Amino acid sequence: MSPAPIRRRRKIAWHDVFVIALAYLLAMLIFFRVPIASGFDLGFGERGDALIEMTILEHWRNVWSGVSSWNSGFYFHPYGGTLGYNDGYFLYGIVYSLWRLVADPFHADTLNILTFKTIGFFAAYALVARTLRWGRGAAVLVALLWTIASNIHLQAVHAQLQSVALLPLAMMLAMACVRAEGAGRHGAARVRAVGLAALMAAWLMTSYYMAWFTIFSACLFLLCWGVMTGQARPAAAFALIRRHAGTITVGFAAFAVLILPFLIVYLPKMRETGGEGLEDMLGYLVTPVIDMVNVGPGNYIWGWLFAPLHALVHQLLPDDPDLPRRVLGGEHEAGFPLLMVALLLVAAWRIVVRKRVGQTEAPVTLRAFTLAMMVAWVLTLQFWYASPWLLVFELVPGAKGLRTVSRYQLWLALPFLLIIVAGWRAQAARLRAERPAWAAAIVALLVAENLSAETPAQLSRAVHRAALSAIPRPPRDCRVFYVTASRVTEPLYISEELHKLYPHNVDGMFLAELWRVPTINGFSTFNPPDWRFGDPLAADYDARVAAYARRHGLRDVCGLDVRRARPWARLGGTSGA
């Protein structure tokens, strides 16, 4: 080969590296703009859920240190298997514990999110560029838009949802397994099947929602593919399974073994709590049209559409000032920007109905994938008290562990971007060649419509570190502690009802993990059956604690009330340090 082509290849390679690095830096600057602007004081989450998440991450650090059981933390004492009351954060715990070698809990938490956003960006790029082979330009665009996606960013207040970054890894492993099996490389296919099983088992132990959506969506895709290809007929399905029985058996056997820790932790708690209630779930489905494009009133491009809606809801029921947030804000701000939705709907119509991508016929796999993702979106819709999701809730294993069904839209962000690229990349290539300014303008608008004045970075490191570090450790003769008040001044946490539940319990469980001293306090998605530790300033709070201590045979219980000059006191006894 002559020297000229070699130099040319190197030039292209360095150009690609520069473009990818620039896109990555832009994506990180956009996603972390508020933490960066605050001097890394603000972290993702808020007073309640963020500290609960950090408590569980500190639990994993204690596990690696050998001072804690892997499935039980120092909170909700003396109950065991308490990890099963919430997401397990397993993979987060590994990354966070490494960052804790050089950072405090607040910075390590932010660096953990940075790590997973980095994984997601480069995995999405590799999925499009290498696995799907759709070109580097498409790969950079998908990686950028997915990393800064409006709904994923706004819902970063719940840090576990950022584990959606693992989705392109799962997709790449699944496609590599299928391709290797189809090429007769059964050993390679089985290695990838085991890798996929390990990833899904670890993901379930990290963030149940995102992992469950992945498994459920895969089943929807297989169903659509089977119907479109005729493989769903019993005889054809049996023959297909028989041809690939070896790889299927290895993959499912590996998953059955690797999922055992998840089942050990969560099945007993599911039986104990009964999972999420139907009424609770109904409040978190997707309102047709509104929630499908709900990017919040702070969105720089489309927020003007939602500000009047918030005002209208408030005007209808002015006596309930929190109503607009409950029906339009919070978890409901999980929709997609309007330009993206328009491109998606046209692309899906072309692929599924017209069976075309550009001037060529759409492959059946792409048609099945597109149909499955659109069906998944429709399943989340709510029509008053009716919803297709009710069938999923009642019939599909694990669905009762989900309350906030609207989070499915976060998972769908990457598949929808893939559908858009598949449906429009031929036209995009022509537009880029003929009218590059227009192509650049569209890309700029696609980026801009994901940006919002709202931020999920609400947790101040300075404020919370100062408040919690000022609290003295329990006296040595205290084996268990509980919290009445952990802060002298405590702003109202969202509402009176939630204020009575969260602040003291969340501080207590976080401090318990830092101090490695058990507490009866804690708050989670689910709580122990005889947990009665809300409203700590009520006259009967100490009596409730005493009854719990007698029931569970707890001794040397101390209470924390920082409003006193000597904040520690024995339960029913004298003051301590």
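Cut-offs applied
- In this numbering scheme, every chain counts its residues from 1 along its sequence in written order.
- At least 70 in pLDDT is required for a residue's local features to be given in this predicted model, at least 80 for side-chain atom pairs to be given and counted, and no such filter applies to totals for whole chains, interfaces and linings, which use all residues.
- Based on all heavy atoms of the structure, the side-chain values leave hydrogens and waters out of the count.
- Strands are runs of DSSP state E lasting at least two residues, helices are runs of H or I lasting at least four, and both sets are numbered from the N terminus onward.
- It is over C-alpha atoms that the radius of gyration is taken, and the globule rule equals 2.2 Å times the number of residues to the power 0.38.
- Remark: exposure states derive from per-residue accessible area (1.4 Å probe, protein chains only) relative to the maximum for the residue type, with buried under 20%, exposed over 50%, and partly exposed in between.
- In this analysis, two residues are considered to be in contact whenever any of their non-hydrogen atoms come within 4.5 Å of each other.
- Accessible surface area values rest on a Shrake-Rupley calculation with a 1.4 Å probe, where residue burial reflects the displayed protein chains alone.
- Under the convention used here, Asp and Glu are negative, Lys and Arg are positive, and both His and the chain ends fall outside the count.
- Charged groups are reduced to one reference atom each: NZ for lysine, CZ for arginine, CG for aspartic acid, CD for glutamic acid.
- Note: pLDDT gives the predictor's confidence per residue, expressed from 0 to 100.
- Whenever a nitrogen or oxygen atom comes within 3.5 Å of another N or O atom, the pair is scored as a polar contact, on the condition that within protein one atom can donate a hydrogen and the other can accept it, and that pairs from neighbouring residues in sequence are kept only if both atoms are in side chains.
- Note on pairing: two strands pair once DSSP finds at least 2 bridges between them.
- All axes here are fitted lines through C-alpha atoms, helices being fitted over the stretch that makes contact, and every angle between N-to-C directions spans 0 to 180 degrees.
- Each aromatic pair joins two rings of Phe, Tyr and Trp (for Trp, the six-membered one) with centres within 6.5 Å, and gets the label stacked for planes under 30 degrees apart, edge-to-face for over 60, and tilted for any other angle.

Some remarks on the overall build of the protein chain
For the protein chain, the count of helices and strands is 25 helices and seven strands. The globule rule puts the C-alpha radius of gyration for 577 residues at 25 Å, and the 26 Å found for the protein chain is close to it. Every one of the 577 residues in the protein chain was classed for burial, and the buried ones make up 51%. Put simply, of all contacts in the protein chain between residues at least 6 apart along the chain, 75% involve residues at least 24 apart. Accessible surface, the protein chain: about 26300 Å² in total, of which carbon and sulfur atoms supply 66%. Charge separation in the protein chain, taken as the distance between the mean sites of 53 positive and 37 negative side-chain charges, equals 15 Å.

Considerations on the confidence of the model for the protein chain
Averaged over all residues, the pLDDT of the protein chain equals 93, while 97% of them reach at least 70. Long-range and interchain partners of residues 1-11, a stretch whose pLDDT sits below 50, account for two contacts in this model, where long-range means more than four residues apart.

Things to note about the side chain of H158
In this fold, H158 is placed in the loop between α7 (150-154) and α8 (167-182). Note on H158: relative accessible area 12%, which makes it buried. Among the polar contacts listed, one links the side chain of H158 to the side chain of D49, at a separation of 3.3 Å. Beyond its immediate sequence surroundings of up to four residues, H158 is in contact with D49, E331 and R407.

What to know about the sheet that holds strand β6 (residues 557-561)
Spatial ordering of the open sheet is given by β5-β6-β7, a layout of three strands whose pairing is mixed. Whereas interior strands pair on both sides, the edge strands pair on one side only; in this sheet they are β5 (480-485) and β7 (568-570). Along the sheet, successive strands turn relative to each other by an average axial angle of 30 degrees, direction set aside. In terms of strand pairing, β5 meets β6 through five bridges, oriented parallel. Of the residues in β6, the one forming a bridge with V480 is V557. With respect to the sheet, helix α24 (residues 503-515) is in contact with β5 and β7, its orientation differing from that of β5 by roughly 145 degrees.

Quick notes on the environment of R190
Here R190 shows up in helix α9 (residues 186-204). Here the alpha-carbon distance between R190 and A180, two residues 10 residues apart in the chain, equals 8.8 Å. Contacts of R190, omitting those with residues within four sequence positions, involve G246, T247 and V250.

Here we look at unusual backbone geometry
Here the residue pair H77 and P78 is connected by a cis peptide bond, since its omega of 5 degrees sits within 30 degrees of zero. Counting through the fold element by element, P78 comes out in the loop between α3 (49-64) and α4 (90-99). With phi around 70 degrees, V289 is a residue other than glycine that occupies positive phi space. You can see V289 is positioned in the loop between α14 (278-282) and α15 (307-316). In the Ramachandran plot, I494 falls in the positive-phi region, its phi being about 65 degrees despite a non-glycine side chain. Relative to the helices and strands, I494 resides in the loop between β5 and α23 (496-499).

Here's the deal with the packing of aromatic side chains
Two descriptors summarise a pair of aromatic rings, namely the distance from one centre to the other and the angle between the planes of the rings. As enumerated under the stated definition, the model contains 38 aromatic pairs in all. Where Y24 meets F122, the ring centres are 5.1 Å apart and the plane angle is 35 degrees; that geometry is what we call tilted. Of the two residues, Y24 sits in helix α1 (residues 3-31) while F122 sits in helix α5 (residues 105-131), which places them 98 residues apart along the sequence. Looking at Y24, the relative accessible area reads 18%, which means it is buried. Aromatic pair W64 and F90: ring centres 6.4 Å apart, planes at 65 degrees, arrangement edge-to-face. Taken together, the residues span a long stretch of sequence, with W64 in helix α3 and F90 in helix α4 at a distance of 26 residues. Classification of W64 by relative accessible area gives partly exposed; the value is 44%. Joined through ring pairs, the aromatic side chains of Y209, W212, F213, F216, W389, Y408 and W411 make up one cluster.

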